[in-house]
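# Observations on chain architecture
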Amino acid sequence: MSAVDREKGSYDEKASLEQTEQGGNGVEVTEAPLPATSWAGTAEEKRLVRKLDMRIMPLTCILYLFAYLDRTNLGNARLQGLPQDTLGGDSTGVLFDWVNSAFFFSYILCQVPASVTSKLFPPRIWLGCAAVGWGLASTLMSTGFNFPGIPLYLSFWYTKHEMGTRMAYWFGFAAVAGAFGGLIAFGVQHAQTAISNWRLLFIIEGIPTVLLGFITMWLLPNRPEETSFLNEDERRIQLERRSRGLKADVGRVVNKKHIYAAFMDWRIYLAGVIYFGANCALASISAFLPTIIKTFGVTNARAQLLTVPPYAVSAVVLTLTAYVSDRLQSRGIPMSCAACVGGIGYLLLLTVPDDNHVRYFAVFCITSGTYTVIGVTIAWTAHNLGSETKKATGIPMYMAIGQCGSVLGSHIYPSVEGPRYIKGFAVSCALEFVAAICGIVLTISYRLENRRRNKKYGVPDPDAAVDTTELADKAPMFRYVL
């Protein structure tokens, strides 16, 4: 049966989308009744998902690749003379710690209002301008960056059965950036130029980001109900897909009640604790991995080159874990297992000070475990908050809490404590295991709540639309991903 034939049997003629111009406020879209027939598993849906993957995933992944290149280049710049040129040598490493943590302060303060505000603008303009801004900032650092909006944006397009793998592709590019960053830094280390190597590094990794921002403004699709990227058949399929298990917003609207609900949801704060632990490890690894590997007794250039394999392996581990997580619709247990792997890596660094082969293996455990924790956690909350406004508030809320861990991670590896860095390894180790425990607590909580609702309201069709416009994830027929 063709998409048009299915449409005729599934929609009332009044189910068309009405668009009205609103001065400078963009397009207000009035939602039609939800379709009576699901497109789940049909050839039309599979064709649409392939189309989405071909356009959306390359752009968002490359955006994050360059975002993370611009964030991780500071660790490589440290070995290329930045402290000597700009920080008076910084023999204690304290000044570098503050330089590394400066990014996170504005990130913590701004990401909740920025993410909520992003719902009022076309995604391609919002994300494209953000890319141009951070690219300019990174490039200009030669003279002297994460996106809470992307998980929200991807939830416009992908179902809960697809989000884990897509988030892994996206966040996995942070690990790819670590690998590429090491290769680029290795090449720059051997460049003979009129400017310092670290200055050249910032320029090489910053300028492409600005260009990518303008490409994003041109190619990235806006919301499903208003983009010209979809034809009308595809649009109707996508609107039905977006409302499986919940009821998606249509149009650039913000539900104030759901903002309040996010701030009152204890599970978001517990997710923040998970993110705090993982980001403490992530920030310290991103900034200090070349320095840690240098304690193995290798040269600066070789230390930068040896950062590549751990990042490459972590990208593969994250993708495989997310794929299994999608198939099983289980996030908490895989996430907790990954956190334990990261914690074991830190234990090895603490307890095996003299065997560099074991210590290098420990680095693989840390990167693989930590990146997987963050990628799976983002996918977990992408469905479990229930509505777009609560996602737009809740996702940056726990990310803001998590970035406080990034600030901590920037200050627990002072140079004077090398090469053992006992304090830094011990703190990161403990926080990885705390994240694992919190993941188990959240899983049990979601399981008990789903069981309570099933007993009280009955077991819903997992692909049926659920009206979450008033209660978000507290709607009686809404069910959490475990």
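Small disclaimer: the values here were computed from a predicted structure and weren't measured. (Residues numbered from 1 in each chain as written. Predicted model: local features only at pLDDT ≥ 70, side-chain atom pairs only at ≥ 80, totals over all residues. Heavy atoms only, no water.)

## As for the overall build of the protein
The secondary structure content of the protein amounts to 17 helices and two strands. Within the span of the protein, comprising 482 residues, buried residues form 59% of the whole. When the accessible area of the protein is evaluated, it comes to approximately 19,000 Å², of which 66% is carbon and sulfur surface. (Helix = DSSP H or I, 4+ residues; strand = E, 2+ residues; numbered from the N terminus. Buried < 20%, exposed > 50% of the residue type's maximum accessible area, 1.4 Å probe, protein only. Areas by Shrake-Rupley, 256 points an atom, 1.4 Å probe, with all protein chains shown as cover.)

## A few points about the side chain of Asp 473
Along the chain, Asp 473 turns up in the segment after helix H17 (422–457). A relative accessible area of 1% means that Asp 473 is categorised as buried. Within the structure, Asp 473 has its side chain in polar contact with the side chain of Lys 390 (distance 2.6 Å). (Polar contact = N/O pair within 3.5 Å; in protein donor to acceptor, adjacent residues only side chain to side chain.)

## Notes on the environment of Pro 221
Structurally, Pro 221 is set in the loop between helix H8 (197–219) and helix H9 (232–242). In this structure Pro 221 comes out as buried when scored by relative accessible area, which is 2%. Between the C-alpha atom of Pro 221 and that of Tyr 153, which follows or precedes it by 68 residues, the distance is 10.0 Å. Once residues lying within four places of it in the same chain are set aside, the contact partners of Pro 221 are Arg 55, Ile 56, Pro 123, Tyr 153, Trp 157, Thr 227 and Phe 229. (Contact = heavy atoms within 4.5 Å.)

## Let's talk about the packing of aromatic side chains
For any pair of aromatic rings, the description rests on two quantities: the centre-to-centre distance and the angle between the ring planes. This model, assessed by the stated rule, comprises 15 aromatic pairs. Between Tyr 64 and Trp 170 the ring centres are 4.4 Å apart and the planes differ by 35°, which places this aromatic pair in the tilted class. Taken individually, Tyr 64 and Trp 170 each receive the classification buried, so the pair is uniform in this respect. Measuring from centroid to centroid gives 6.3 Å for Tyr 421 and Phe 425, while their planes differ by 70°, and the two rings are edge-to-face. The two residues Tyr 421 and Phe 425 agree in class, both being buried. Taken together, the ring pairs in this structure connect Tyr 64, Trp 170, Phe 171, Tyr 311 and Tyr 371 into an aromatic cluster. Over the ring of Phe 229 we find Lys 51, and its NZ or CZ is 4.8 Å from the ring centre. Seen from the ring of Phe 156, Arg 223 lies directly overhead, with NZ or CZ sitting 4.5 Å from the centre. (Phe/Tyr/Trp six-rings, centres within 6.5 Å; stacked < 30°, edge-to-face > 60°. Lys NZ or Arg CZ within 6 Å of the ring centre and 35° of its normal.)

## Details of the UniProt feature "transmembrane region" (unreviewed entry) in the protein
Following the UniProt record, one finds the feature "transmembrane region" (unreviewed entry) at residues 125–147, 168–188, 200–220, 266–288, 308–325, 332–352, 358–382 and 425–446. Structurally, residues 332–352 comprises 95% helix and 0% strand, and the distance from its first C-alpha atom to its last is 30 Å. Helix makes up 100% of residues 358–382 and strand makes up 0%, while its end C-alpha atoms are separated by 36 Å. (UniProt positions renumbered as here; feature names shortened; annotations may be inferred.)

## Re the packing of helix H14 (residues 332–351) against H17
Running from amino to carboxyl end, H14 crosses H17 at an angle of 165°, the nearest separation of the two axes being 8 Å. With respect to each other, H14 and H17 are oriented roughly antiparallel. Of the two elements, H14 crosses H17, and the hand of that crossing is left-handed. Among the residues forming the contact of H14 with H17, the class breakdown is 17 nonpolar, seven polar and one charged. (Axes fitted to C-alpha atoms, helices over the stretch in contact; angles between N-to-C directions. Parallel < 35°, antiparallel > 145°, perpendicular 65-115°, else oblique. Left-handed = near helix turned anticlockwise from the far one by under 90°. Nonpolar A, V, L, I, M, F, W, Y, C, P; charged D, E, K, R; others polar.)

## Let's talk about H9
Summarising burial for H9: nine of the eleven residues are buried, a large majority. Taken as a whole, H9 has its buried residues at Glu 234, Arg 235, Arg 236, Ile 237, Gln 238, Leu 239, Glu 240, Arg 241 and Arg 242. The N-terminus of H9 is capped by Asn 231, whose side-chain oxygen sits 3.1 Å from the backbone nitrogen of Asp 233.

## Looking at a nonpolar patch on the surface
A contiguous nonpolar patch, built from Tyr 260, Phe 263, Met 264 and Tyr 269 and spanning about 460 Å² of accessible area, is present on the exposed surface. In this fold, Phe 263 is placed in helix H10 (residues 256–263). Residue classification places Phe 263 among the partly exposed residues on the basis of a relative accessible area of 39%. (Patch = residues over 30% accessible without salt bridge, like charges linked within 9 Å, V, L, I, M, F, W, Y side chains within 5 Å. Salt bridge = Lys/Arg side-chain N within 4 Å of Asp/Glu carboxyl O.)

## Quick notes on the side chain of Arg 242
Checked against the element boundaries, Arg 242 lands in helix H9. By relative accessible area, which is 6% here, Arg 242 ends up buried. A polar contact is formed between the side chain of Arg 242 and the side chain of Glu 225, at a distance of 3.0 Å.

## Considering helix H15 (residues 356–384)
Three or four residues apart is the spacing at which side chains of an α-helix point the same way, because the helix has 3.6 residues per turn. Given a rise of 1.5 Å per residue, 29 residues ought to cover 42 Å, and the 42 Å separating the end C-alpha atoms of H15 matches this to within 8%. With respect to burial, H15 is a largely interior element, 24 of its 29 residues being buried. Its side-chain oxygen at 3.0 Å from the backbone nitrogen of His 357, Asp 355 defines the N-terminal cap of H15. Where H15 ends, the next residue or the one after it, Gly 386, has phi of about 90°, a positive value. (Expected span 1.5 Å × (residues − 1).)

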